[in-house]
Amino acid sequence: MRAPLSWLREYVDLPASETGRDVAARLIAAGLEVETVERTGAGLKGPLVVGRVLAVEELSGFKKPIRYCQVDVGGANGTGEPQNLICGATNFAVGDNVVVVLPGAVLPGGFEISARKTYGHVSEGMICSERELGLGEDHGGILVLPPEHEAGTDAIELLELVDEVLDIAVTPDRGYCLSLRGLARETATAYGLPLRDPALLDVPPPTADGYPVRVADPLGCDRFTARTVSGLRPGARSPIWLQRRLQKAGMRPVSLPVDITNYVMLELGQPLHAYDRSRVQGTIGVRRAESGEKLITLDGVKRTLDAGDLVITDDRGPIGLAGVMGGADTEIADAAAGPDGGTAGTTDVVIEAAHFDPVSVARSARRHKLSSEASRRFERGVDPQAAAAAAQRTVDLLKLLAGGTADPGVTEITTPSGPRTVRMAADHPDRVAGVAYGRETVVRRLQQVGCDVYGNTAPSGTPGAPDELTVTVPSWRPDLTDPNDLAEEVARLEGYENLPATLPRPLPGRGLTERQRLHRRVGRALAGAGYVEAPSYPFVGAAAFDALGLEAGDPRRHTVQLVNPLSDEEPGLRTTLLPGLLASLRRNDGRGSHDLALFETGLVFLPTGNGAVAGRPPVTRRPTREELDALDAALPEQPRHVAAVLAGSRERAGWWGAGRSATWADAVEAARTVAAEAGVRLTVESAAYAPWHPGRCAALHVLLDGAQVLAGHAGELHPRVLKALGLPERTCAMELDLDLVERAGGGPVRAPHVSTFPVATQDVALVVDAAVPAAAVESALRAGAGELLESLRLFDVFTGEQLGAGRKSLAYALRFRAPDRTLKAEEASAARDAAVAEAVERTGAVLRGA
């Protein structure tokens, strides 16, 4: 909403020293969002005057029309002689009034004007267009003024070129601020000044001889006022002050009747519509459209109506989309030359001022993709009591500016409704805001909003006596429906900046759960390992599973389906994190980032298969425990997973040496990093599981309740998957069930004991069959080494002719340490031998070199 400060001052006597920025600061403190304060005419310097064209000489010999004009500027040039001006526009003639800028003036944008010779003549200034004056973007011709203004009149004051315009972003609950009346009320409250309400007009009562109107849907239209004005001058133009106010408010002048309805809408917030009475046939009606009916709206588009649309009709059918846009069949006709040399155009109009259901208007506007100034206001709530005043204001302006005569008949159809009241404890705003406002302040602030407040005062010295307020909400505030809304009004008018800043006090013993702590530790650990978190949407479709190469019977294809998905291509909830994470990797790779390591922790949704259906609990009361249990039973299982994907270089090349590409081993190491945060050791085995490459896929197991349980997979993705998804070569991925890993961890991770005694390191190389997994050898070494073993690390894998076909050598570094003493060499060797013996027994290993 654009509000010129000069217009705002008509309703509030602001101090003359207050600038637009001062007013904006007060409105912002009251809770409004003032986006900008625009200074129109900034840098403008006169003389800028009205001139009357005395003579026009057409100059020839140039590529475009050039005119040498003599213009009377009165005494503005100090001599009273006509001003000689060169102009390239042709839309004015002798006798027209134009805007002339004289030498020494400065136009907006720092454009200085001086006398100069051009096209063989001296031009003593310039005749201005709208764009040159900052009035608009029209540069196709000269601005022609009405004939009643005398030559030499100051055009800066006449055109109201210097002003300040506040641009305010109005939230949906503050629809009353889409009018100068509403903004003036907020300004008056902010300054503590009285308001001159423009809606306080003498409105005649309804009569039986008004224009016939029939409302068939009182729920969609609870108020309809119709007034008729006849005898309008077809050639009457909107005065300059009216045009300028519309332009400053962001609207384009069209014709006098239309401009007046737009002006009243901006002034009072009540949208209006003017019908050409000669084009309306019979009774005006309000009803729901019949499906398939047609209507050509004012924008020239033929629209097919829906049964939910609220329409204005006459005896022929729809003539307007209620609250959105009128129809072309009853449009006000522009003035034009008649066959007898006179002026033809609309002379009789019917003024509509109605109140329509906000939901109906909003749905029609969205259904037809037709947002208008009227629909924006109806959607946010229009004061139903302002309709009659708006119609009267329109009639008065038509009489004043177009010479019309108001017909005595007044039509007003209303649906009876009482005022809305809200009961509230007097100290409720105090408890909501945490500030002791007091009863007197609460009542005063609510009265400033426009509420009528009644209540009983607790007798002095009576403990626990009730003190309740009954608040009657004003008709222009449909957003005030409960005590919290009223408390918000008190808090914002008292100043949000005065609210105390207090930190919440958590109850003792509360904090993050172990699940939440593990989630955070895993995120920090992966970030520390060089991964970047990339959350994604939890929606998935069959195409993603096809690209991953999942078979038809794969359980991951069985998804929870959404009733109203955001996209028909992704109607289900994810059962794996990989589709979203791989899409992020592909998107980043396509934008030039080729060395990628991404991770995500999030929920997956697994159908339970129990057939439970979630019911709809009532909104009039709190659901019972049985209803809540039924809702929980219908929910899918939602375990938390963690996944990581890698592509490109894991270690970059540089002056320090060659780089290294990411491999399946890095994906396995990411899984080990996650497990280490839960205090769990993973068992890694070779596996074949989509979407991983069968020869480069590892199954990850954890020990839970004495048994090895599958927790996830890691490795290099299958080439067919890479091709289907458009991923880089050798892309690797890992996914783990984080909740399962947490259960295997057995509680919070305990800090290890740091021994002060030295470590004893023993290396051992074992030769085994190539089919024996390294994890089996490691497990045997750990079992045989006993309690003295602190850590074990595989540091070399060797194959060659020396070992024989189908054999490999695994070299391990074993670290032994005692918590209470320094180990002797014999103790470390004995533990080493025991570990080797266990490996020999379990895996058939042979000590290399033995």
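Quick note: structure is the one above.
One structure accompanies this document, and this report is about it. (Residues numbered from 1 in each chain as written. Predicted model: local features only at pLDDT ≥ 70, side-chain atom pairs only at ≥ 80, totals over all residues. Heavy atoms only, no water.)

Taken as a whole and judged by the stated rule, the model has 54 salt bridges. The residue Glu600 makes a salt bridge to Arg574 at a minimum N-O spacing of 3.0 Å. Of the two residues, Glu600 sits in strand β33 (residues 596-603) while Arg574 sits in the loop between β32 (572-573) and α16 (578-590), which places them 26 residues apart along the sequence. Overall, the relative accessible area of 8% leaves Arg574 in the buried class. The partner of Asp666 in a salt bridge is Arg660, and the shortest N-O contact between them spans 2.9 Å. Under the relative-accessibility criterion, Arg660 is labelled partly exposed at 32%. One continuous salt-bridge network, built from bridges that share partners, spans Arg174, Glu186, Arg477, Asp479, Glu489 and Arg492. (Salt bridge = Lys/Arg side-chain N within 4 Å of Asp/Glu carboxyl O. Helix = DSSP H or I, 4+ residues; strand = E, 2+ residues; numbered from the N terminus. Buried < 20%, exposed > 50% of the residue type's maximum accessible area, 1.4 Å probe, protein only.)

Secondary-structure assignment places Gln392 in helix α10 (residues 387-402). Among residues more than four places away in sequence, those in contact with Gln392 are Asp202, Val203, Pro204 and Arg227. (Contact = heavy atoms within 4.5 Å.)

Note on placement: Thr472 falls in strand β29 (residues 468-472). Along the backbone, Thr472 and Leu232 are 240 residues apart, and their C-alpha atoms lie at a distance of 42 Å. With near-sequence residues (within four places) excluded, Thr472 lies in contact with Pro419, Arg420, Thr421, Cys451, Asp452 and Tyr454.

Next up on the list: the nonpolar core. The tendency in soluble globular proteins is for nonpolar side chains to be buried side by side. By size, the foremost hydrophobic cluster in this structure holds 56 residues, and its most contacted members are Val23, Ile168, Leu183, Ile260 and Val264. Here this core takes nine residues from α10, the largest share from any one element. Ignoring anything within four residues of it in the chain, the contact list for Val23 reads Leu5, Leu8, Leu14, Leu166, Thr187 and Tyr191. (Core = buried A, V, L, I, M, F, W, Y, C linked by side-chain atoms within 4.5 Å.)

Once that is clear, we can look at the side chain of Thr576. Its place among the elements puts Thr576 in the loop between β32 and α16. At 3.3 Å, the side chain of Thr576 forms a polar contact with the backbone nitrogen of Leu578. Here Glu735 takes part through its side chain, which lies 2.6 Å from a polar atom of the side chain of Thr576. Filtering out sequence-adjacent residues up to four positions away, Thr576 remains in contact with Phe545, Val604 and Glu735. (Polar contact = N/O pair within 3.5 Å; in protein donor to acceptor, adjacent residues only side chain to side chain.)

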